[in-house]
Amino acid sequence: MCGIAGMVASSNVARKLFSSIAALEYRGYDSCGMAVQANGHIDVRKNVGTVEKVNQNERLTDMKGLAGIAHTRWATHGGVTRENAHPHMDTEGRVAVVHNGIISNYRQIRDRLRASGVVFVSETDSEVIAHLIGQYLDRFGEDVEAAFVSALREMEGTFSLAVLSTKASGYIYCAKRESPLIIGLGDDANYIGSDFNAFIEFTRQAVIMDDGEYAIVSRQGYVVKELLSQDVVNKAVTEIEWDVEMSRRGGYPHYMLKEIYDQPATIQAALNIPREGLEPLARMIHESRQCFLGGVGTTYYIAAMGQYFFSKFAGSYLSAISTDEFPLLAEAGPEDCLIAISQSGETYDTLTAVRHAKAGGARTGAIVNVMGSSLVRAVDVPILQGSGPEICVISTKAAMSQAAVLLLTALELGKIAGRIEEADVLRYRDEVSSLSVVLSDTLNERSGFLHTAASQHQNMKNWLYLGRGVYYPAALECALKMKEVTYLHAEGMSAGFLKHGTISLIDESRHTIVLMPPPEEEELHSLTRSSAEEVRARGGFVLGFRFEGDEGVEGLFSEEIVLPRVSPVLAPFIHLVAGQLLAYFLAVQLKRDVDRPRALAKSVTVA
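Let me sum up the structure you'll find in this document.

About the criteria used
- Residues numbered from 1 in each chain as written.
- Predicted model: local features only at pLDDT ≥ 70, side-chain atom pairs only at ≥ 80, totals over all residues.
- Heavy atoms only, no water.
- Core = buried A, V, L, I, M, F, W, Y, C linked by side-chain atoms within 4.5 Å.
- Buried < 20%, exposed > 50% of the residue type's maximum accessible area, 1.4 Å probe, protein only.
- Helix = DSSP H or I, 4+ residues; strand = E, 2+ residues; numbered from the N terminus.
- Contact = heavy atoms within 4.5 Å.
- Phe/Tyr/Trp six-rings, centres within 6.5 Å; stacked < 30°, edge-to-face > 60°.
- Salt bridge = Lys/Arg side-chain N within 4 Å of Asp/Glu carboxyl O.
- Axes fitted to C-alpha atoms, helices over the stretch in contact; angles between N-to-C directions.
- Parallel < 35°, antiparallel > 145°, perpendicular 65-115°, else oblique.
- Left-handed = near helix turned anticlockwise from the far one by under 90°.
- Nonpolar A, V, L, I, M, F, W, Y, C, P; charged D, E, K, R; others polar.
- Pairing = 2+ DSSP bridges.

## A closer look at the nonpolar core
- Core analysis: the biggest nonpolar cluster contains 96 residues, and Phe309, Trp463, Tyr465, Leu515, Phe545 and Leu582 have the highest contact counts within it.
- Looking at this core element by element, the count peaks at 13 residues for helix α17 (residues 571-589).
- Filtering out sequence-adjacent residues up to four positions away, leucine 582 remains in contact with Leu450, Ala453, Ala454, Tyr465, Met482, Ile513, Leu543 and Phe545.
- Ranked by size, the runner-up nonpolar core spans 31 residues in total, among them Phe120, Ala130, Val144 and Leu227.

## Topic: the environment of aspartate 210
- Along the chain, aspartate 210 turns up in the loop between β11 (205-208) and β12 (213-218).
- When the C-alpha atoms of aspartate 210 and serine 373 are compared, they prove to be 9.4 Å apart, with 163 residues separating the residues in sequence.
- Excluding its chain neighbours within four sequence positions, the residues that come into contact with aspartate 210 are Lys176, Lys235 and Arg377.

## Topic: the packing of aromatic side chains
- The tally for this structure, following the rule as stated, stands at 10 aromatic pairs.
- Ring centres of phenylalanine 292 and phenylalanine 326 lie 5.4 Å apart, and the angle between their planes is 85 degrees; on these two criteria the pair is classed as edge-to-face. With a gap of 34 residues between them, phenylalanine 292 in strand β15 (residues 291-295) and phenylalanine 326 in helix α10 (residues 326-329) connect regions that are remote in the sequence. Across the pair, phenylalanine 326 and phenylalanine 292 agree in class, each one buried.
- Seen in terms of ring centroids, tyrosine 584 and phenylalanine 585 are 5.4 Å apart; in terms of plane orientation they differ by 65 degrees. Their pairing is edge-to-face.

## Structural notes on the pattern of salt bridges
- Scanning the model with the defined rule gives 33 salt bridges in all.
- For aspartate 262, the salt bridge identified is with lysine 397, shortest N-O distance 3.2 Å. Of this pair, aspartate 262 sits in the loop between α6 (255-261) and α7 (263-271) while lysine 397 is found in helix α13 (residues 397-416), placing the two residues 135 residues apart along the sequence.
- Residue lysine 397 is classed as buried on the basis of its relative accessible area, which comes to 3%.
- Among the charged side chains, a salt-bridge network with shared partners connects Asp210, Glu213, Lys235 and Arg377.

## With respect to the packing of helix α9 (residues 298-314) against α13
- Packing of α9 against α13 brings their axes to within 9 Å, and their N-to-C directions diverge by 25 degrees. By the angle between their axes, α9 is roughly parallel relative to α13. Regarding α9 and α13, the two cross each other, and that crossing is right-handed. Between α9, through Thr298, Thr299, Ile302, Ala303, Gly306, Phe309, Phe310, Phe313 and Ala314, and α13, the contact on the second element is made entirely by Ala399, Gln402, Ala403, Leu406, Leu407, Thr409, Ala410, Leu411, Leu413 and Gly414.
- Residue composition of the contact of α9 with α13, grouped by class: 13 nonpolar, 6 polar and no charged.

## Let's talk about helix α5 (residues 144-154)
- By the criterion of burial, α5 is predominantly enclosed, with 9 of the 11 residues buried.
- When α5 is considered as a whole, its buried residues turn out to be Val144, Glu145, Ala146, Ala147, Phe148, Val149, Ser150, Ala151 and Leu152.
- Buried positions along α5 lie against α4 (127-140), β7 (157-165), β8 (171-177), β12 and β13 (222-226).

## Quick look at the sheet that holds strand β3 (residues 41-48)
- Strand order in the open sheet formed by 8 strands is β3-β2-β4-β1-β10-β9-β11-β14, with antiparallel pairing between adjacent strands. Single-partner strands in this sheet number two, and they are β3 and β14 (238-239).
- Bridge count for β11 against β14 is 2 bridges, and the pairing is antiparallel. Following the sheet pairing, alanine 206 is matched in β14 by threonine 238.
- Of the strands in this sheet, β1 (3-9), β2 (31-38), β4 (67-73) and β10 (189-193) touch helix α1 (residues 14-23), which is tilted by about 155 degrees from β2.
- Set on the sheet, helix α2 (residues 51-58) makes contact with β2, β3 and β4; between it and β3 the angle comes to about 125 degrees.

## Topic: the packing of α13 against helix α14 (residues 422-456)
- Between α13 and α14, the least distance of the axes is 9 Å, while the angle of their chain directions is 165 degrees. If you check the angle between α13 and α14, you find them roughly antiparallel. Read as a crossing pair, α13 and α14 show a hand that is right-handed. Along its contact with α13, which presents Met400, Leu407, Leu408, Leu411, Glu412 and Lys415, the element α14 presents Glu422, Val425, Tyr428, Arg429, Val432 and Leu439.
- The class makeup of the residues in the contact of α13 with α14 is 8 nonpolar, no polar and 4 charged.

## A short note on the sheet that holds strand β22 (residues 511-515)
- Read across the open sheet, the 5 strands follow the order β21-β20-β22-β23-β24; overall the sheet is parallel. The sheet is open, and its two borders are formed by β21 (489-494) and β24 (559-563), each paired with just one other strand. Between one strand and the next, the sheet's axes are offset by a mean angle of 20 degrees, whatever the strand orientation.
- The sheet strands contacting helix α15 (residues 471-486) are β20 (462-467), β21 and β22, and the helix crosses β21 at an angle near 175 degrees.
- Each of β20, β22, β23 (541-547) and β24 is contacted by α17, which is oriented at about 135 degrees to β23, the strand it contacts most.

## Details of the pairing of β2
- Burial runs high along β2: 7 of the 8 residues are buried.
- Relative to β3, β2 runs antiparallel, the two sharing 8 bridges. Paired with valine 36 across the two strands is aspartate 43, which belongs to β3.
- Between the antiparallel neighbours β2 and β3 lie 2 residues, among them asparagine 39 with a positive phi of about 55 degrees.
- Summarising the sheet, β2 and β4 pair through 7 bridges and their orientation is antiparallel.

Everything listed here is a matter of geometry and, on its own, says nothing about what the molecule does.
Right, dumping it as structure tokens:
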């Protein structure tokens, strides 16, 4: 949700630290700041606005020092103000802290500290950390580790945090509890970050911290310890597979557009997951009494698409549940399983759902994009989708990949269950392989039509997306893309649901987009056509997403986007990319901040 970076080096860290938080800006961009330590003093500069804007106003890159921490914020506790931006300091200027997560008992700590004379300058829960460590420094003097650990033991909630102290020059103290934190290992420098992008420009060697651990990082090395026992923990070093170029825009005007165009390669990456890697997930589903698919936001809609894949290819019903509701709704026992879907692997609601399922004795699996993330380490059977870094807050290529992985897993389950033969699996996998070419065709040959539609209809404020079958969750996801990036009202709906109330809204102030199935899906095609006719009969404007060669819809739509002809297996994927492009082009027309939509963050790590 927010971004943390830090580094200790033998030369000035300011420019590299600035580069680190710029690389993390997709995690939060309300405000940012840096703290740099030098000559027994900590210089803190921060303000509201983008990283570049704050640098212009505060001259972050002019700071001097060999150790520094930095933060880019997505506001939770307290509004978007300079005072609420990180880093925060204690009253005496001995401690600077950056923090992600929520200190759930911060009010009690704040009240106690205020009673002892501490004056708070922000509305955040994070500021209590600096003052609490400062109070323990009064007790322990020069022993910063003792003060740091004592403060950590008093705090409740979730956090990743990093601390500088004037009492320990050249050291960063950091800790993790249910919020990601990683140590990067370099030559004559070491780093910390809330994800790999914080330091991938400088090193690809990383140590992934686990919950309940803290670390002390210096230029020469690091040590990781358990919080409760303070015993040293020997950690494995991970080689990061991503590289810097994968995180850059590559000439595209926005990361969103680049990541949409990355999707042909994303599909191939999903196909490169070994079948023997998918088989344990499929077998876990097969051996379960009931299996849930869990996600939230986009990943919930992808999970809902997965329901149709498992029904079609394996004859199995898997219930898709939004993970924010899972603990309130699902009873998962030892005979059950939960498959969680997450881009970041750090989503609070999804991790909570996994913990709930495990507490009931259920087995767990995950489809996730970030190696070493909390979700990967929490489940029994993780699948790393290998989509590469997704920088835009709006998820496109990660979602496309997750849908493909669910489809491929459904094929493996179909074979295990005896519903399809090996020859069928190979044939369908060949179809998925051809999706890369069709996506490229859609992106390169059809995007102009979507750009034109966006230009012609940029004044429309209300959008209704309709689909049936697997195209229903595809419609939900397309509507979500529209509302996320354009800030327009958009609603996805089952086309069959339309006549049960929502059709009363059809008038000139609303456009309807209909996701037509290929004509080979005769029943779905007929039912969807009827819904489009119902809208037209009431004077509604209908923009049809339909496939080439579909003579059954000639004259049906007010306007249409003609997509390349594909099989029913691939059709929902093509609708997804059409929805992404329309939302993107509309957002550009409306001059939205495409990669950093207001009020949104990439990884939501709070309840």
